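Survey of secondary and tertiary structure
The lines below spell out each chain.
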Amino acid sequence: MSRPNTRHKNKRPRADESESPSAAVFKRIHTTGDVTKSDVRQLYMVWKPICHGCHGNSKDSPNCFCGLIPTANGVRKTGLWQKTQDIIRGLGPNPSKDLRDSTETPAGLTNLGATCYANSILQCLYMNTSFRSGIFSLEPDVLKKHPVLDQLARLFAQLHSSKMAFIDSAPFIKALELDNGVQQDSHEFLTLFLSLLERSLSHSKVHGAKKIVQHLFRGSVSHVTRCSSCGKDSEASSKMEDFYELELNIKGLNNLEESLDDYFSEEALDGENQYFCESCQKRVDATRCIKLRSLPPVVNFQLKRYVFLPKTTTKKKISSTFSFPGQLDMGKRLSNPSSCYTYDLAAILIHKGTGANSGHYVAHIKDESNGQWWEFDDETVSKLGLHPFGEKPGKSSNKADQKPQGICSAGSVTNNCNNGHQEAASTSTVGEMFSSTDAYMLMYKRTSKDENSTENNNIVEINSDSLPHHFLDEISELNTSYVKSCDEYQSKKDSQLAYVTERRQEVKSVLMEAPASPEDDLYFWISTDWLRQWADNITPPSPIDNGPIQCEHGKVPASKVTSMKRLSAVAWQKLVSKYGGGPTLSSEDFCMECLKDGAKNAVSADAYRDRKASFKVLAEAALAGSSPDGPSYFISRTWLTQWLRRKNADIPSDADNGPTSALRCCHGHLLPEHAPGAKRVSVPESLWLFLYETISERKVDEIVTFPSDCQPCEICSQELSDVASVEGNLRAVKLKQRQSHEKLISGKSFALHPGQKYYLVPSSWLSEWRAYITATGKNISSLPEPQSLEAIVSSLICEKTDGLTMIPESDWKLFSEEWSATPGKGLSAEIAFTESSQDKLHGSSEAMPITDGDLDQSLDDTNDDGAREPYIKTDPEVCEECIGERESCALVEKLNYQNEDIHVYLVRGKEAPKSIREASTTVPVSDRRTSKRSRRTTSGNSISLKVSGSTSVYQLKLMIWESLGIVKENQKLHKGSVEIEDDLATLADKSIFPGDVLWVRDSEIYENRDIADEISEPKVDILQAEEGFRGTLLTSSVSAQLCQDIAFSE
């Protein structure tokens, strides 16, 4: 059941313009020649009442001012009446949003793309007040000579006293020549940066700053090797080595204590690793371990979360939970144990993400002044409270069955927090334990006092007065500039909002007084476009522009009434006094000339409509085939049909083609009727004269009159006759060939008989010939003739072709006559038999096998022993080299496939079943339907995968990993009995075709892991080494020498 057409259901029917009041007024004006006041009121629609509450502004009433502004509490997307917040947004970013609450709140650092690793380290160093004070105490001369120190000091000064919530780190990053688009390792950055600082600070004469890096971060260890026989230590055991951080293993370890035990554990040297003892003068068993000789005020623990995978030459992140205490006793780890080395957790560097070369770094740091923890995430700094992973009140619960974490006593409980972190809040005196799956570096600061009761971590309180004077001036200037920009923005905002409020009040005030009563004799006309822009734009157009509503006489024409509004004298005076412009068009400025011209045109249009209605019957009769009485004329049938269907009753436009344009030939005469597009009808003389008169003057010269007794163009008639004759001859030739080659035309197969001669023609040529011969109707001459058969056959000699078709000798002889071929130059063929199935005669064709259905039944008598096989023997013989090249091209084309199915079986056992191993040796069926789901078989699971010839073996193994859950390294992938190796090779390289059946076995050598870890690692790491900080000042071999040269030059 079809849906009813409701497209025009609510459409108001168009009124008959000839019966409208305006039409009656125009007729009266045309008749009398006078324009009365009543006529003006009617034509200019002055009589229409004032609108109140319309949905939109009406063009049909000059007294309608609705819709120029939105209703009460309404808004618009743009302009004066948009939302206040959108107007404010147009002023640009508000700098006050970046205002720092106070200098007690730490400031953030901008991330320039991938510089979070540097930002987190810089925040850790800045929050260390001792390090910060050392940087602030540097001499200006030293800062001038060392750009990195200068930018670091400026950055610290801004972090300390700037009024901005985050500081631009670009100058510092640029000074180090770092690539801000490359993610780096934060531990490597810290190591290289401290080394650079140590060299640069050595040129300072301030004692507290010169060796601030060594004093804060440097400790010492020794590698002790002890003979198990004599008990003596090696000479190298007394050698002290400096360290700035301790790199701890965490794989298989649960907490910091276990990692430290592993770090300081003894290693047995025995067997092949025996130690040569100088005292014993022989190789003996020994032990080796690391002895902690001294500890710095700040100890950095680097957690080795990344392990190197030799097979893939990539790094993998260890995401296991690792626990660490809030307070750490390192005195017991010293070679000479002491109770004066207690450390508090000061900072945690966190790496978020699964990839070693991706992810994001943040830092959780404790404020030394008040014990408050903060999270530094580039520009964002968040308060965490008194715990490093945030206080989570209400989530703690004392559960008797909950196990303690790390070194906590049995009274601890665990709170699960965000970001993979856990906090164990101890209820005993042992201290708090914290856990994290992403902690990458731990910083502990010494809090215990030495034997002289002096604190080792002398914290220097820094305030704005303690900053060097050159930094005070610079920071003061920056803050002043920033505060000024905030004040300027606020002033601009207040001014803009006040202006918008004033404009809205003005628009509302004028529009309230704008309507003029229909009875008012004094009023003014104004352009609707200008009035709409004035009411809707924040900045109004100036001055008033009434030019678009004026006629050529400088007056107001009635035709423009839909483009103007009728203003009261009060409203007009307000607008013109403020904006000026004009011209002023009052109620007396109606145009008499335009009114009279309009009346004349209206009467003419009415007369045209009446005459067209009277001639409509004649036109319909002509289209129906009625022959008119008296003189008649030819016009285009298509043109007359469109003329009758025209909905608009106005005079046809100039763009219309004339009624005889389609009938005129290139010679300027009448086209023959059977020419394309020359269908015509004969119309009476009265209708022709009406049509001729209504054509505009510009088209009159282009209209050609063709009386009904006019003869067609002789030249065009002769050309059409010649074409018809050629097509007739062509039909006869094609008919004859269809009758002569009846079996070839039908495409049916025919029986082959031994001893008879056949001929080979290209299948493509035969298809073209068949399409050409069977074309009829309009297509009879549109298809091109097939190429010369002799040239086609000659090209087959040692040339590639898409295939050959065998035809009887009789058809070949006819083809030779019809398509210009020499009968003796054809490719003849005969059916022959081999002596045995292994015997193959030279010159036979492998590309054209013969099936039993192709042979005549009488061949059974000739081949009754069943041992001989038929083949086609050709003259000239088949070129073996061409066949090899053709087969090679076919193989390449077959391997160039896209988005095709292959099948993979998971075999549970050492060997795949014979049916699976031999599956890929069979000929694949291209149209075979296969299931896309994983299905279980007797030997394992089977999956279908969409692959291409360019898919690599590595990508295929990832697909198998995702579908069957077998780790890539454990996959033993086979096609038949051959194992598929070389991950960088493509499936085409391994001769894997669409529909092939592969099988895979799980070796279970390597442990299972998440495929996301594999995918997240950039594969470029397999082919190239990491660049790291190569090319920056951190690895410059001349940076230290450069500093020395500068010092000597001074």
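Comments concerning the overall build of the chain
A tally of helices and strands in the chain yields 31 helices and 39 strands. Taken over 1050 residues, the chain has a buried fraction of 43%. Carbon together with sulfur atoms contributes 49% to the accessible area of the chain, which is approximately 56,900 Å² in total.

Brief notes about the packing of helix 13 (residues 469-513) against helix 15 (residues 569-579)
Here helix 13 crosses helix 15 at 145 degrees, and the two axes come no closer than 7 Å. Of the residues in helix 15, those touching helix 13 at Arg503, Glu506, Ser509, Val510 and Glu513 are Val570, Ala571, Lys574, Leu575, Lys578 and Tyr579. Among the residues making up the contact of helix 13 with helix 15, the classes are represented as five nonpolar, one polar and five charged.

Structural notes on the sheet that holds strand 25 (residues 564-567)
Pairing between the strands of a sheet is mediated by backbone hydrogen bonds and can be parallel or antiparallel. The sheet built from three strands is open, its strands ordered 25-23-27 with antiparallel pairing. Here the strands that pair on one side only, and so sit at the sheet edges, are strand 25 and strand 27 (585-586). Bridge count between strand 23 (residues 524-527) and strand 27: two bridges; the pairing is antiparallel. Paired with Phe524 across the strands is Ser586, a residue of strand 27.

Points about the environment of Gly108
Among the structural elements, Gly108 can be located in strand 1 (residues 108-109). Note on Gly108: relative accessible area 0%, which makes it buried. Remark: the alpha-carbon pair of Gly108 and Gln123, spanning 15 residues in sequence, is separated by 8.3 Å.

Description of the environment of His203
One can find His203 in the loop between helix 9 (186-201) and helix 10 (207-210). Judged by its relative accessible area of 24%, His203 falls in the partly exposed class. Along the backbone, His203 and Lys145 are 58 residues apart, and their C-alpha atoms lie at a distance of 9.7 Å.

Concerning the side chain of Ser162
Positionally, Ser162 belongs in the loop between helix 7 (147-161) and strand 2 (166-167). For Ser162, a relative accessible area of 7% corresponds to the buried category. Residues within four places of Ser162 in sequence aside, it is in contact with Arg100, Ala157, Ile167, Ile475 and Asn479.

Focus on the sheet that holds strand 3 (residues 219-227)
Spatially, four strands are ordered 4-3-9-6 in an open sheet, and the strand pairing comes out antiparallel. A strand with exactly one partner marks an edge of an open sheet, and here the two such strands are strand 4 (241-243) and strand 6 (267-269). Shown here is a sheet whose adjacent strand axes are inclined to one another by a mean of 35 degrees, direction ignored. Relative to strand 9 (residues 286-294), strand 6 is paired through three bridges, and the arrangement is antiparallel. What sits directly across from Glu267, in strand 9, is Arg288.

Let's talk about the nonpolar core
The biggest cluster of nonpolar side chains holds 60 residues, and the ones touching the most others in it are Phe131, Phe189 and Phe193. Each residue touching Phe193, except ones within four places of it in the same chain, is listed here: Leu122, Leu125, Val148, Leu152, Phe172, Leu176 and Leu1034. By size, the runner-up hydrophobic cluster in this structure holds 34 residues, among which are Leu246, Leu260, Tyr341 and Tyr343.

Considerations on the packing of aromatic side chains
The geometry of an aromatic ring pair comes down to the distance between the two centres and the angle between the two planes. Counted under the stated rule, the structure contains 16 aromatic pairs. Here a set of aromatic residues connected by ring pairs shows up, and it is made of Tyr117, Phe172, Phe189 and Phe193. The residue whose ring lies beneath Arg680 is Phe634, and the NZ or CZ to ring-centre distance is 5.3 Å.

Some details on helix 12 (residues 256-263)
Of all the positions in helix 12, only Leu256, Glu257, Ser259, Leu260 and Tyr263 are classed as buried. Mapping the buried residues of helix 12 onto a view down its axis gives an arc of 160 degrees, with all of them on the same face. Those residues of helix 12 that are buried are in contact with strand 5 (246-249), strand 9, strand 10 (298-304), strand 13 (322-325), strand 14 (327-329) and strand 22 (439-446). At the N-terminal end of helix 12, a side-chain oxygen is found 3.2 Å from the backbone nitrogen of Glu257, two or three residues along, and the residue is Asn255.

Things to note about empty space enclosed by the protein
Within the structure shown, the criterion is met by five cavities of 30 Å³ or more. As a volume, the largest cavity reaches approximately 110 Å³. For the lining of the largest cavity, the class distribution of residues is nine nonpolar, one polar and three charged.

Concerning a negative patch on the surface
Where like charges cluster on the molecular surface, the negative patch consists of Glu979, Glu981, Asp982 and Asp989. Along the chain, the position of Asp989 falls in the loop between strand 38 (978-979) and strand 39 (997-1002).

Thoughts on the packing of helix 4 (residues 116-126) against helix 9
Their axes nearest at 9 Å, the elements helix 4 and helix 9 cross at an angle of 55 degrees. Comparing their axes, helix 9 and helix 4 come out oblique. Our pair here, helix 4 against helix 9, has a crossing hand that is right-handed. Touching Tyr117, Ala118, Ile121, Leu122 and Leu125 of helix 4 are Ser186, Phe189, Leu190 and Phe193, all from helix 9.

Remarks on the state of the cysteines
Across all of its chains, the model carries zero disulfides by this definition. Considering cysteine sulfurs only, Cys227 is the nearest to Cys230, which forms no disulfide, with 3.6 Å between them. Cys230 gets classed as partly exposed once you look at its relative accessible area, which sits at 30%.

Things to note about unusual backbone geometry
Among all residues save glycine, negative phi is the norm, and among peptide bonds the norm is trans. A cis amide bond links Ser542 to the next residue, Pro543, at an omega of -5 degrees. Tracing the backbone through its elements, the reader meets Pro543 in the loop between helix 14 (528-536) and strand 24 (544-545). Phi at Gln281 takes a positive value of approximately 55 degrees, unusual for a residue other than glycine. Along the polypeptide, Gln281 turns up in the loop between strand 7 (275-277) and strand 8 (282-284). The phi angle at Asn899 is positive, at roughly 55 degrees, despite the residue not being glycine.

Remarks on the confidence of the model for the chain
Per-residue confidence for the chain gives a mean pLDDT of 76; residues scoring 70 or more make up 77%. Long-range and interchain partners of residues 1037-1050, a stretch whose pLDDT sits below 50, account for 11 contacts in this model, where long-range means more than four residues apart.

So, the pattern of salt bridges
Per the stated rule, a full pass over the model turns up 20 salt bridges. Here Lys317 and Asp438 are joined by a salt bridge, their closest N and O atoms 3.1 Å apart. Placement of Lys317 in strand 12 (residues 314-317) and of Asp438 in the loop between strand 21 (433-436) and strand 22 is noted, with a sequence separation of 121 residues between them. Each of the salt bridges in this network shares a partner with another, and the network as a whole consists of Glu257, Asp261, Lys332 and Arg333.

Re helix 14
For helix 14, every residue scored as buried is listed here: Thr528, Trp530, Leu531, Trp534, Ala535 and Asp536. At its buried positions, helix 14 is contacted by helix 13, strand 23, strand 24, strand 25 and helix 15. The residue sitting at the N-terminus of helix 14 and contributing the capping side-chain oxygen is Ser527; that oxygen lies 3.4 Å from the backbone nitrogen of Asp529.

Some words on the pairing of strand 23
In strand 23, alternate side chains face the same way, and those of Phe524 and Ile526 on one face and Trp525 and Ser527 on the other are all buried. Alignment of strand 23 against strand 25, held across four bridges, turns out to be antiparallel. When the sheet's bridge partners are listed, Ile526 is paired in strand 25 with Lys565.

Calculation notes
- Residues numbered from 1 in each chain as written.
- Predicted model: local features only at pLDDT ≥ 70, side-chain atom pairs only at ≥ 80, totals over all residues.
- Heavy atoms only, no water.
- Helix = DSSP H or I, 4+ residues; strand = E, 2+ residues; numbered from the N terminus.
- Buried < 20%, exposed > 50% of the residue type's maximum accessible area, 1.4 Å probe, protein only.
- Areas by Shrake-Rupley, 256 points an atom, 1.4 Å probe, with all protein chains shown as cover.
- Axes fitted to C-alpha atoms, helices over the stretch in contact; angles between N-to-C directions.
- Contact = heavy atoms within 4.5 Å.
- Nonpolar A, V, L, I, M, F, W, Y, C, P; charged D, E, K, R; others polar.
- Pairing = 2+ DSSP bridges.
- Core = buried A, V, L, I, M, F, W, Y, C linked by side-chain atoms within 4.5 Å.
- Phe/Tyr/Trp six-rings, centres within 6.5 Å; stacked < 30°, edge-to-face > 60°.
- Lys NZ or Arg CZ within 6 Å of the ring centre and 35° of its normal.
- Arc of directions from axis to C-beta.
- Polar contact = N/O pair within 3.5 Å; in protein donor to acceptor, adjacent residues only side chain to side chain.
- 1 Å grid on protein atoms, 1.4 Å probe; cavity = no way out; pocket = protein on both sides within 12 Å on 5 of 7 lines; lining within 4 Å.
- Points joined across faces, edges and corners; volume = space filled by probe spheres on them.
- Patch = residues over 30% accessible without salt bridge, like charges linked within 9 Å, V, L, I, M, F, W, Y side chains within 5 Å.
- Salt bridge = Lys/Arg side-chain N within 4 Å of Asp/Glu carboxyl O.
- Lys, Arg positive; Asp, Glu negative; His and termini not counted.
- Charge placed at Lys NZ, Arg CZ, Asp CG, Glu CD.
- Parallel < 35°, antiparallel > 145°, perpendicular 65-115°, else oblique.
- Left-handed = near helix turned anticlockwise from the far one by under 90°.
- Disulfide = S-S within 2.5 Å.
- pLDDT = per-residue confidence, 0-100.

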